[in-house]
Amino acid sequence: FGAIQNIISRGSKKKIVPETTKPRLLKRFYNSVAALMTQQLQDMCIRSLEAYTDYICESNTGFKLTILLEDEDTLTFTPPFAKFRSELMRMIDMIVKAGHALPRIETKVYMDTQASEEFLKPAIPNDFIEDCQQRIHLLLEEQRIGPELRMQDFDDYMDLMNGKNVDEIEKFIKSKPKFEEYCEQIENFKEVEHEISRNVCGIVTMGFYEFHREGLIDTLESLARFLQQELITKVTADQQSAMFKMTGEYENISGKLLATPRDTKLLMELKEYASKT
């Protein structure tokens with residue numbers, strides 16, 4: 001645009017551009033310039049829209065998509081598919097808007113002149129714009145199927161996500177299980193923790209998207225570790241309590257055995273107690 005201004009300015013100095021003293025001729029000249037610029041601008045906008053749409057639909061891959069656990073049992077995509085759609089469509093609107101944001105050249109050459117039309121008005125067909133939008137819309141609808149199907153990779157861990165395993169562990173603890181049963185449960189959740197990263201890939205490339213699931217995997221592993229720790233903490237507390245009780249019993253035995261009997265009868269009873277103990 002600046003280069004065109006310079007051309008007009010040089011043309012004015014060389015008397016190629018009509019003088020301001022001939023307003024009708026000057027107006028026809030700038031109408032012709034505006035027509036030429038509008039035609040070129042229209043072509044640029046259409047080619048830009050076409051190139052952008054082709055890039056999105058045919059060449060582009062690797063948009064980062066992640067998955068998060070929300071509200072215990074709800075898996076959500078981040079950004080959501082609606083966000084991808086709004087942002088990609090917004091670029092089409094921006095290209096069209098940019099095409100209507102260039103002023104007529106005379107409003108810049110003659111700053112004190114108020115042109116009847118301030119901006120160039122390229123005619124970008126609505127059908128063409130809608131076709132570009134529809135191509136992107138259909139692509140997004142097609143490409144969302146893959147990530148949604150891969151949500152099934154986490155089906156085996158739904159009880160971990162929705163809190164069912166937590167409820168089961170609480171009931172298990174209330175049932176006063178044996179030490180060996182605690183060990184079995186701890187080993188079970190330890191295996192679940194290691195199984196998650198073995199069975200579920202962290203990053204999956206799926207056409208339009210680069211599907212990142214490392215965050216959800218870390219969350220599930222943390223949940224499995226949490227349940228292990230809850231069990232370990234409880235069984236440790238139970239063992240410590242039992243040991244404390246046993247220590248008290250041994251201290252009572254020790255105190256009784258070390259006591260000095262007052263007579264022979266108590267001495268014989270103490271010897272019998274010691275033998276039995």
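Quick look at the structure, then. Quantities reported herein were computed from a predicted structural model and do not represent experimental measurements.

## Quick look at the pattern of salt bridges
Alright, step 1. Tallied over the full model, the rule gives 14 salt bridges.
Alright, step 2. Note that E58 and R135 form a salt bridge whose closest N and O atoms lie 3.4 Å from each other. Taken as a pair, E58 in helix α2 (residues 23-59) and R135 in helix α5 (residues 126-143) lie far apart in primary sequence, 77 residues in all.
Alright, step 3. By relative accessible area, E58 is classed as exposed at 59%.
Alright, step 4. For R225, the salt bridge goes to E193, with nearest N and O atoms at 3.0 Å. One end of the pair, R225, is in helix α10 (residues 214-258); the other, E193, is in helix α9 (residues 179-199), with 32 residues separating them in the sequence.
Alright, step 5. When its relative accessible area of 38% is taken as the criterion, R225 is described as partly exposed.
Alright, step 6. Because the salt bridges share partners, they merge into one network encompassing D54, E58 and R135.

## Quick notes on unusual backbone geometry
Leave glycine aside and you will find that most residues have negative phi; peptide bonds, for their part, are mostly trans.
Alright, step 1. At the junction of T78 and P79, the peptide bond is cis and its omega measures out at -5° in the coordinates.
Alright, step 2. If you trace the backbone, P79 turns up in the loop between β2 (74-78) and α3 (81-99).
Alright, step 3. Although it is not a glycine, K15 adopts a positive phi angle of roughly 65°.
Alright, step 4. Residue position: K15 is located in the loop between α1 (2-13) and α2.
Alright, step 5. We note that K176 has phi near 50°; this positive angle belongs to a residue other than glycine.

## So, a negative patch on the surface
Alright, step 1. A cluster of acidic residues, D167, E168, E170 and E230, forms a negative patch on the protein surface.
Alright, step 2. Take the negative patch: its biggest share by element is three residues, from helix α8 (residues 164-174).
Alright, step 3. Inspection of the secondary structure puts E168 in helix α8.

## Focus: the sheet that holds strand β1 (residues 63-70)
Alright, step 1. Taken in spatial order, the four strands make up an open sheet running β2-β1-β4-β3, and their pairing is mixed. Only two strands of the sheet have a single neighbouring strand rather than two, namely β2 and β3 (203-206). Along the sheet, successive strands turn relative to each other by an average axial angle of 25°, direction set aside.
Alright, step 2. Note: β3 against strand β4 (residues 209-212), four bridges, orientation antiparallel. Pairing of I203 across the sheet is with H212, part of β4.
Alright, step 3. Along the sheet, α3 makes contact with β1, β2 and β4, crossing β1 at roughly 150°.
Alright, step 4. Packing against the sheet, α10 makes contact with β1, β2, β3 and β4, and its axis sits at approximately 25° to β1.

## Details of α3
Alright, step 1. For α3, spanning 19 residues, the distance from its first C-alpha to its last is 28 Å, which sits close to the expected 27 Å at 1.5 Å a residue.
Alright, step 2. Here α3 has its buried residues at F81, F84, L88, M89, I92, I95, V96 and G99. Taken down its axis, α3 places every buried residue within 115° of arc, on the same side. Those residues of α3 that are exposed and aimed more than 90 degrees away from the buried face are A82 and K97.
Alright, step 3. If you follow the buried residues of α3, they end up packed against α2, β1, β2, α5, α6 (145-149) and β4.

## Section: helix α11 (residues 264-276)
Alright, step 1. Here α11 spans 18 Å end to end across 13 residues, near enough to the 18 Å set by a 1.5 Å rise per residue.
Alright, step 2. The N-cap residue of α11 is D263: its side-chain oxygen and the backbone nitrogen of K265 are 3.2 Å apart.

## Description of the packing of aromatic side chains
Alright, step 1. In total, this model carries nine aromatic pairs according to the counting rule given.
Alright, step 2. Centroid distance F63 to F208: 4.9 Å. Interplanar angle 40°. Geometry classified as tilted. Pair noted here: F63 is in strand β1 and F208 is in the loop between β3 and β4, with a separation of 145 residues, a long-range link.
Alright, step 3. Here F84 and Y209 contribute two aromatic rings whose centre-to-centre distance is 5.2 Å and whose plane-to-plane angle is 70°, an arrangement assigned as edge-to-face. Linking F84 in helix α3 with Y209 in strand β4, this pair joins segments that are 125 residues apart in sequence.
Alright, step 4. Using a relative accessible area of 1% as the deciding quantity, one classes Y209 as buried.
Alright, step 5. By way of ring pairs, the aromatic residues F63, F77, F81, F84, F208, Y209 and F211 are connected into one cluster.
Alright, step 6. In this structure, K256 is placed above the aromatic ring of Y273, and the distance from its NZ or CZ to the ring centre is 4.3 Å.

## Considerations on the pairing of β2
Alright, step 1. With burial as the criterion, only one face of β2 is covered, namely that bearing L75 and F77; the residues T74, T76 and T78 on the opposite face remain uncovered.
Alright, step 2. Pairing between β1 and β2: five bridges, direction antiparallel. In the sheet register, E70 faces β2, and the bridge partner there is T74.

Thresholds, definitions, all that
- Residues numbered from 1 in each chain as written.
- Predicted model: local features only at pLDDT ≥ 70, side-chain atom pairs only at ≥ 80, totals over all residues.
- Heavy atoms only, no water.
- Salt bridge = Lys/Arg side-chain N within 4 Å of Asp/Glu carboxyl O.
- Helix = DSSP H or I, 4+ residues; strand = E, 2+ residues; numbered from the N terminus.
- Buried < 20%, exposed > 50% of the residue type's maximum accessible area, 1.4 Å probe, protein only.
- Patch = residues over 30% accessible without salt bridge, like charges linked within 9 Å, V, L, I, M, F, W, Y side chains within 5 Å.
- Areas by Shrake-Rupley, 256 points an atom, 1.4 Å probe, with all protein chains shown as cover.
- Lys, Arg positive; Asp, Glu negative; His and termini not counted.
- Charge placed at Lys NZ, Arg CZ, Asp CG, Glu CD.
- Pairing = 2+ DSSP bridges.
- Axes fitted to C-alpha atoms, helices over the stretch in contact; angles between N-to-C directions.
- Contact = heavy atoms within 4.5 Å.
- Expected span 1.5 Å × (residues − 1).
- Arc of directions from axis to C-beta.
- Polar contact = N/O pair within 3.5 Å; in protein donor to acceptor, adjacent residues only side chain to side chain.
- Phe/Tyr/Trp six-rings, centres within 6.5 Å; stacked < 30°, edge-to-face > 60°.
- Lys NZ or Arg CZ within 6 Å of the ring centre and 35° of its normal.

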